[in-house]
Structure formats: C-alpha cells, structure tokens
Amino acid sequence: NGVSVCGTSHGLLCLHDSSTDKAAIWNPSTKEFKIPPPSSVQRPSYLPCIKGYRILNDVSFHHIAFGFNSKTDDYKVIRFVTLTFDICEEGEIYRDFEFPNVLQVEFYSLRSDSWNEIPFPNDKPTYIILGNNITSMEFAIGKQ
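Residues numbered from 1 in each chain as written. Predicted model: local features only at pLDDT ≥ 70, side-chain atom pairs only at ≥ 80, totals over all residues. Heavy atoms only, no water.

Naming follows an unreviewed UniProt entry, where the chain appears as F-box associated beta-propeller type 1 domain-containing protein of Gossypium aridum.

Caption draft 1: Region of the structure containing the sheet that holds strand β1 (residues 3-9). The antiparallel open sheet is built from 4 strands, whose spatial order is β1-β2-β3-β4. At either end of the open sheet lies a strand with only one pairing partner, and these are β1 and β4 (32-34). On average, adjacent strands in this sheet sit at an angle of 25° to one another, irrespective of strand direction. As paired elements, strand β3 (residues 22-27) and β4 share 3 bridges and run antiparallel to each other. Within the sheet, the bridge partner assigned to Ile25 lies in β4 and is Lys34. (Pairing = 2+ DSSP bridges. Helix = DSSP H or I, 4+ residues; strand = E, 2+ residues; numbered from the N terminus. Axes fitted to C-alpha atoms, helices over the stretch in contact; angles between N-to-C directions.)

Caption draft 2: Representation of the packing of aromatic side chains within the structure. Taken as a whole and judged by the stated rule, the model has 3 aromatic pairs. Aromatic side chains Phe66 and Tyr75 sit 6.0 Å apart centroid to centroid with 10° between the ring planes, which places their arrangement in the stacked category. Exposure remark for Phe66: the relative accessible area of 1% places this residue in the buried category. Given the relative accessible area of 17%, Tyr75 is considered buried. Ring geometry for Phe68 versus Tyr75: centroids 4.7 Å apart, planes at 55°, classification tilted. What links up through ring pairs into an aromatic cluster is the set Phe66, Phe68 and Tyr75. (Phe/Tyr/Trp six-rings, centres within 6.5 Å; stacked < 30°, edge-to-face > 60°. Buried < 20%, exposed > 50% of the residue type's maximum accessible area, 1.4 Å probe, protein only.)

Caption draft 3: Local environment of the environment of Thr30. Mapped onto the secondary structure, Thr30 falls in the loop between β3 and β4. Polar side-chain contacts of Thr30 include one of 3.2 Å to the side chain of Glu32. (Polar contact = N/O pair within 3.5 Å; in protein donor to acceptor, adjacent residues only side chain to side chain.)

Caption draft 4: Fine view of a nonpolar patch on the surface. Together, Trp26, Phe33 and Ile35 line one region of the surface with nonpolar side chains, adding up to about 320 Å² of accessible area. By the element assignment, Ile35 lies in the loop between β4 and β5 (46-49). Overall, Ile35 belongs to the partly exposed group, its relative accessible area being 47%. (Patch = residues over 30% accessible without salt bridge, like charges linked within 9 Å, V, L, I, M, F, W, Y side chains within 5 Å. Areas by Shrake-Rupley, 256 points an atom, 1.4 Å probe, with all protein chains shown as cover. Salt bridge = Lys/Arg side-chain N within 4 Å of Asp/Glu carboxyl O.)

Caption draft 5: Structural context of unusual backbone geometry. Its identity as a non-glycine residue notwithstanding, His10 has a phi of 50°, on the positive side. Considering the arrangement of structural elements, one finds His10 in the loop between β1 and β2 (12-17). Residue class for His10 comes out exposed when judged on its relative accessible area of 59%. Of note in this structure, Lys31 is not a glycine but carries a positive phi near 65°. Looking at Lys31, the relative accessible area reads 68%, which means it is exposed.

The structure is reproduced here in structure tokens:
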C-alpha cells in the first residue's frame, strides 16, 4: 500500500515503500531489481547540551528521489534524513521543542552499492518534484 515510484531513468524505476523506508531499483523489461543495503551513514546517538545531553529519539526519512549522473555513469538515490533528539537531564528524559532537528542528506550509488553522506544545504528541502536527472537534484543540494 505504501509503495510508490520515486523516479525513473533509462527504463529503470525506483520504488519506495514509505512505511519501511525500503527502496528498490527495478528494470521491468528484464524483471531484475536491486535493493540497496542499509545505510552506513553514521548518526550521533547523543549530543552534549547545556542542560545535560540529548539522546537520539527518532530517525525519519523524507524527500527521496532517483536519477542518473551522466558524468559518473551512475544511478543514484538521494534522501533527506531528520534526527530528533530528547533531553536527558538528571535521569529524566523529555522532548525539547526548542532544539532544532539534526538534518542529513545521504545518497546511494548503484555503481559502488553504498550510501554516503553529503553536507546538508542551508535551505530546507521543499515539496517540489525533482527531475529524473541527478543534475536537477544537484541544483537543490549543491554539486557533489
């Protein structure tokens, strides 16, 4: 029910299941598909703060897109990741609504079969539809 097409390029489709954040690159003509491995991008489990420290509460994934980079001859999946932290102070854990979420951008390379992190842009992503070519995504996040 939660599976959608998040991009197409050269006859390949990138399918995404938003309920599990799993993706698959599928070639309908050959019936072959590739499921990317789990991300190896490091996420901090805690952050120091004035009141004590913050512990990671939730990881959520947003704005997934798929495209082809003709310069590297590689298909890529890109997604924005939001890390939400709670404050741990004197044994009590509570939500800090004033602390902004930590944002990450990660991309999967079909050629290397791996995930990498790229610096998050100053601007937050919007709900615009990105094109199927990686260069249109590069405009939104900076050239990588």
